[in-house]
Amino acid sequence: MRLLSTRRARTAVVAIAVGSLALTACGGGDSDSQTKDDSKTQDDAKEQSEAVAYGDAEASKGPAAPVEGSREGGTIRVYQQTDFSHLDPGQIYVSDAGLLSVLIHRGLTTFVEDDEGGLTVVGDIATDSGTPSEGGKVWTFTLKDGIKDEDGDPIDSGDVRHTVERLYSKHITDGPTYLQQWLSGDGTKYREALPEGPYNGDSLPDDVLETPDDKTVVFKFDTPRPDLPQALAMAGYSIVPEEKDTKEKYDQKPTALGPYKIEEINAGKNMKLVRNEEWSAETDPKRHAFVDGWDITFNHDRVDQSKRLAADRGDAKNGIQFSGAVDTSQIKSIVSDEETNARTIKGYAPYVWQLNMNMDRIKDKKIRDAITYALPNGNILRPDGGSYGGEVAGGLLAPTVPGYEKGYDPYGKIENPQGDIEKAKELLKEAGAEGQSLVYGYANVPHRQEQAIIIEEALEKAGFEVEKKEIDQATYYERVGKVDNGLDIYMTGWGQDWPSISTVIPPLYDGDQLADGSAVYSHINDDKVNSEIDRILEITDPEEATTEWQKLHRHIVEEINPAAPLYFTKQLQIHGSNVGGARYSSEKSYIDVSRLFLKS
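What you are looking at is a predicted structure, and each value in this text was computed from that prediction instead of being measured.

Participant: A description of the pairing of strand 17 (residues 489–495) should follow, citing residues and the corresponding values.
Facilitator: Burial within strand 17 is extensive, with 7 of its 7 residues counted as buried. In strand 17, alternate side chains face the same way, and those of Ile489, Met491, Gly493 and Gly495 on one face and Tyr490, Thr492 and Trp494 on the other are all buried. When strand 13 (residues 344–357) meets strand 17, the two strands line up antiparallel, connected through 7 bridges. Note on strand 17: the bridge partner recorded for Met357 is Ile489. Pairing of strand 15 (residues 437–443) with strand 17 involves 2 bridges; the strand directions are parallel. Bridge pairing in strand 17 links Gly441 to Tyr490.

Participant: Go over the environment of Pro285 with me, naming the residues and quoting the values.
Facilitator: Relative to the assigned elements, Pro285 resides in the loop between strand 10 (270–275) and strand 11 (293–297). Residue Pro285 is classed as buried on the basis of its relative accessible area, which comes to 9%. Non-local contacts of Pro285, meaning those with residues more than four positions away in its chain, are made with Ala59, Ser60, Lys61, Gly62, Pro63, Ala64, Arg106, Val112, Val122, Gly123 and Lys144.

Participant: Describe the pairing of strand 16 (residues 465–471), naming the residues involved and giving the relevant values.
Facilitator: In the sheet, strand 15 pairs with strand 16 via 7 bridges, with the strands oriented parallel. Across the sheet, Ala443 pairs through a bridge with Ile471, a residue of strand 16. Handedness of the crossover joining strand 15 and strand 16 through helix 13 (residues 446–462) is recorded here as right-handed.

Participant: An account of the packing of aromatic side chains is needed here, citing residue identities and associated values.
Facilitator: Tallied over the full model, the rule gives 18 aromatic pairs. Both rings, one in Tyr404 and one in Phe568, keep their centres 5.7 Å apart while their planes meet at 90 degrees; by these two values the pair is edge-to-face. You can see Tyr404 sitting in the loop between strand 14 (390–392) and helix 12 (421–430) and its partner Phe568 sitting in strand 18 (residues 563–574), a full 164 residues away along the chain. Between Tyr477 and Tyr521, the ring centres sit 5.9 Å apart and the planes meet at 50 degrees, which makes this aromatic pair tilted. Of this pair, Tyr477 sits in helix 14 (residues 476–480) while Tyr521 sits in the loop between helix 15 (505–509) and helix 16 (527–537), and the two are 44 residues apart along the sequence. In terms of burial, Tyr477 and Tyr521 fall into one category: buried. One aromatic cluster is present, formed by Trp139, Phe141, Tyr178, Trp182, Phe219, Phe221 and Trp498 through successive ring pairs. Note that Arg166 overlies the ring of Tyr250, its terminal NZ or CZ placed 5.4 Å from the centroid. The ring of Tyr373 carries Lys423 above its face, with NZ or CZ at 5.7 Å from the centroid.

Participant: Lay out the side chain of Arg161 with the relevant residues and their values.
Facilitator: With respect to the secondary-structure elements, Arg161 resides in helix 4 (residues 157–165). Polar side-chain contacts of Arg161 include one of 2.8 Å to the side chain of Glu165. Of the polar contacts made by the side chain of Arg161, one reaches the side chain of Asp206; its length is 3.4 Å. Beyond its immediate chain neighbours, meaning those up to four positions away, Arg161 contacts Ser203, Leu204, Asp206, Leu209, Glu210 and Thr211.

Participant: Tell me about the pattern of salt bridges, and please be specific about residues and values.
Facilitator: Counted according to the given criterion, the structure contains 36 salt bridges. Taking the shortest distance from any N to any O, the salt bridge between Asp115 and Arg583 comes out at 3.0 Å. Linking Asp115 in the loop between strand 3 (109–113) and strand 4 (119–123) with Arg583 in the loop between strand 19 (579–580) and strand 20 (597–598), this pair joins segments that are 468 residues apart in sequence. Several salt bridges converge on common partners, so that one network encompasses Arg106, Asp124, Asp284 and Arg287.

Participant: Go over the packing of helix 12 against helix 13, please, and point to the residues and values.
Facilitator: The N-to-C vectors of helix 12 and helix 13 enclose an angle of 55 degrees; their axes lie 8 Å apart at closest approach. By the angle class used here, helix 12 and helix 13 are oblique. Across the interface between the two elements, Ile421, Ala424, Lys425 and Leu428 from helix 12 touch Ala458, Lys461 and Ala462 from helix 13.

Participant: Mind laying out the nonpolar core, listing which residues take part and the relevant values?
Facilitator: With 102 residues, the main nonpolar core has Phe219, Ile371 and Leu459 as its most contacted residues. Apart from the residues within four sequence positions on either side, Ile371 is in contact with Leu355, Met357, Ile362, Leu438, Leu459, Phe464 and Ile489. Of all hydrophobic cores here, the second largest spans 32 residues; its members include Val291, Trp294, Phe298 and Leu596.

Participant: Summarise the sheet that holds strand 16; cite the residues concerned and give the values.
Facilitator: What the 6 strands build is an open sheet, ordered 14-18-13-17-15-16; its pairing is mixed. Looking along the sheet, the strands with just one partner apiece sit at the ends: strand 14 and strand 16. Direction aside, the axes of adjacent strands within the sheet are offset by 30 degrees on average.

Participant: Please set out the packing of helix 10 (residues 365–374) against helix 12 residue by residue, giving values where relevant.
Facilitator: It is at 8 Å that the axes of helix 10 and helix 12 come closest, and there the two elements cross at 165 degrees. When the interaxial angle is binned, helix 10 and helix 12 end up roughly antiparallel. In the packing of helix 10 onto helix 12, the handedness of the crossing is left-handed. In contact with Lys366, Ile367, Asp369, Ala370, Tyr373 and Ala374 of helix 10, helix 12 contributes Ile421, Lys423, Ala424, Leu427, Leu428 and Glu430. Its residues assigned to classes, the contact of helix 10 with helix 12 comprises 8 nonpolar, no polar and 4 charged.

Reading the values: the criteria
- Counting restarts for each chain, with residues numbered from 1 along the sequence as it is written.
- Confidence filtering applies because this is a predicted model: local features only for residues at pLDDT of at least 70, side-chain atom pairs given and counted only at 80 or more, and all residues used for totals across whole chains, interfaces and linings.
- For side-chain calculations, the full set of non-hydrogen atoms in the structure is used, while hydrogens and water are omitted.
- Burial classification: accessible surface area is computed with a 1.4 Å probe over protein chains only, and a residue below 20% of its type maximum counts as buried, one above 50% as exposed, and the rest as partly exposed.
- Helix and strand labels come from DSSP, where a helix needs a run of H or I of at least four residues and a strand needs a run of E of at least two; each type is numbered from the N terminus.
- Note on pairing: DSSP must find at least two bridges between two strands before they are called paired.
- In what follows, residue pairs with any heavy atoms lying within 4.5 Å of each other are defined as contacts.
- Here is how to tell: hold the view so the strands point away, follow the path from the first strand over the helix to the second, and if it runs clockwise the crossover is right-handed.
- Aromatic contacts are taken between Phe, Tyr and Trp rings whose centres are within 6.5 Å, Trp giving its six-membered ring; a plane angle under 30 degrees counts as stacked, one over 60 as edge-to-face, and the others as tilted.
- Placement of a charge over a ring requires the Lys NZ or Arg CZ to be within 6 Å of the ring centre, with the centre-to-atom vector within 35 degrees of the ring normal.
- Polar contact is the term for a pair of N or O atoms within 3.5 Å; when the atoms are in protein, one must be able to donate a hydrogen and the other to accept it, and sequence-neighboring residues count only if both atoms are side-chain atoms.
- Salt bridge criterion: a side-chain nitrogen from Lys or Arg within 4 Å of a carboxyl oxygen from Asp or Glu.
- A fitted line through C-alpha atoms serves as each axis, taken over the contacting stretch for helices, and the angle formed by two N-to-C directions is quoted from 0 to 180°.
- Here roughly perpendicular refers to angles of 65 to 115 degrees, roughly parallel to angles under 35, roughly antiparallel to angles over 145, and oblique to all remaining angles.
- Side-chain atoms within 4.5 Å link the members of a nonpolar core, which is a set of buried Ala, Val, Leu, Ile, Met, Phe, Trp, Tyr and Cys residues.
- For any helix crossing, the convention is left-handed if the near helix is rotated counterclockwise from the far helix by under a right angle, and right-handed if that rotation is clockwise.
- Gly is placed with the polar residues, together with every amino acid not listed as nonpolar (Ala, Val, Leu, Ile, Met, Phe, Trp, Tyr, Cys and Pro) or charged (Asp, Glu, Lys and Arg).

Here is the structure:
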């Protein structure tokens with residue numbers, strides 16, 4: 001899952017050395033040993049790497065678990081920096097749109113979360129999390145009664161089939177591809193099975209996807225797919241009713257199955273959600289609809305969001321941050337004040353920020369190593385929240401994923417978060433590349449601009465010449481996701497889609513998947529890596545697979561080095577005093593929007 005490039009909009013502060021992050025994390029431009037650092041730790045992250053349970057029919061029934069103190073009525077105010085990247089479920093693979101999807105979309109399955117952050121996959125519009133047969137090669141789902149779209153039209157198995165088949169069409173470029181590849185072939189081969197999608201009357205054969213009646217959907221794979229219920233819970237696999245599909249235009253006005261529907265959108269300005277009267281709480285084990293609507297306005301940077309919500313005046317009392325976070329400049333004042341700190345949520349997020357090195361353009365590993373050694377990870381983390389925003393990363397696997405190796409640090413980033421300029425100079429000289437130019441692409445938001453300056457200065461000290469190119473934040477991932485992107489280096493954040501390394505290494509480092517819109521941002525295409533990915537994906541024992549993924553991770557980092565690890569992420573958000581039910585969602589890594597209410 002891609003992390004929105006503007007997820008955190010924090011300005012600079014905090015520590016330089018990782019050892020001092022814990023003491024100076026509260027920001028404000030100075031250290032404050034009197035302010036307790038209560039940001040989350042890797043121990044919290046480890047809890048998020050626990051295996052996900054699969055719920056039965058009883059667990060899949062609605063309504064969702066009660067929320068203490070809840071009441072109905074009112075409108076939640078949302079301060080958001082930019083428009084959502086996509087609204088069409090098939091195109092959703094970025095975290096901000098994934099959070100919005102909780103309110104307007106529904107899928108075959110979904111995650112429900114307990115008060116300790118434990119996750120269970122349950123049936124969403126299906127009666128349960130699915131029934132496997134033939135050793136996990138076949139999965140059968142039965143649809144619940146009473147599922148309708150916002151126009152009151154019932155959802156049947158034909159709509160599920162259409163939802164899957166439209167993912168093969170050319171206009172769907174940015175969503176997840178697990179299901180398509182499992183059904184029809186690795187990489188982009190799956191598109192050959194249905195090149196025009198379902199729009200000219202073609203369908204996937206019954207030996208791949210069968211819908212024998214209006215209530216039954218059967219997926220058939222050539223190898224066991226035990227993770228299917230988790231994959232289907234991704235926003236990208238939410239239902240698109242066949243009769244409402246407007247192809248490319250669906251991205252501007254999707255049809256809701258969730259508790260809210262879109263009443264108004266003004267690009268770059270605002271979005272209003274109102275109740276979807278056709279949604280039934282009795283069918284939904286995850287979502288509540290306590291408030292009457294959501295009033296979302298854009299162009300609120302993180303400083304503005306933080307100041308409005310901390311001040312807690314007027315509409316801000318009913319306000320929340322959605323995919324934004326507390327600005328670094330505000331962290332100290334917010335967490336050190338008992339009242340405002342009580343209005344925050346904190347959690348360890350699954351994302352790893354890394355500096356991708358375009359291997360089509362930077363072919364010499366010594367040059368990639370020089371870049372990696374030169375980067376001052378601690379300083380780069382600083383504009384993204386310091387210790388409340390993350391921890392310096394030594395590798396490319398997050399502490400939230402099973403198989404994470406604490407302390408793994410082949411380039412000494414944790415040991416020396418200020419970077420090693422002399423080592424970088426040495427490697428660059430050995431490569432005969434002193435003075436090599438690098439085109440650096442970054443999003444045009446304040447914290448990325450500040451990070452760009454830090455990275456530019458470090459690389460130029462090491463002997464590179466850096467040409468900075470700003471990219472519009474709303475289209476950042478589309479731009480860096482182009483194979484011919486014209487860039488040498490660029491940052492991306494990636495988090496597991498569910499607790500397995502299989503949702504990290506294959507999407508990011510499998511050269512067979514390299515294509516426009518894929519997440520193979522470094523353009524790595526190594527025969528050994530590709531074949532090892534194919535081999536390990538065949539291993540059905542989770543512990544054995546994890547061991548093999550760890551070996552491959554080390555090979556990628558140490559022998560190829562396609563992307564320099566920068567930092568793991570954490571979350572800190574604030575809400576208004578009249579907002580009830582607020583908690584951190586370990587599934588979404590933001591505030592849990594499925595259970596919010598207004599106290600008065």
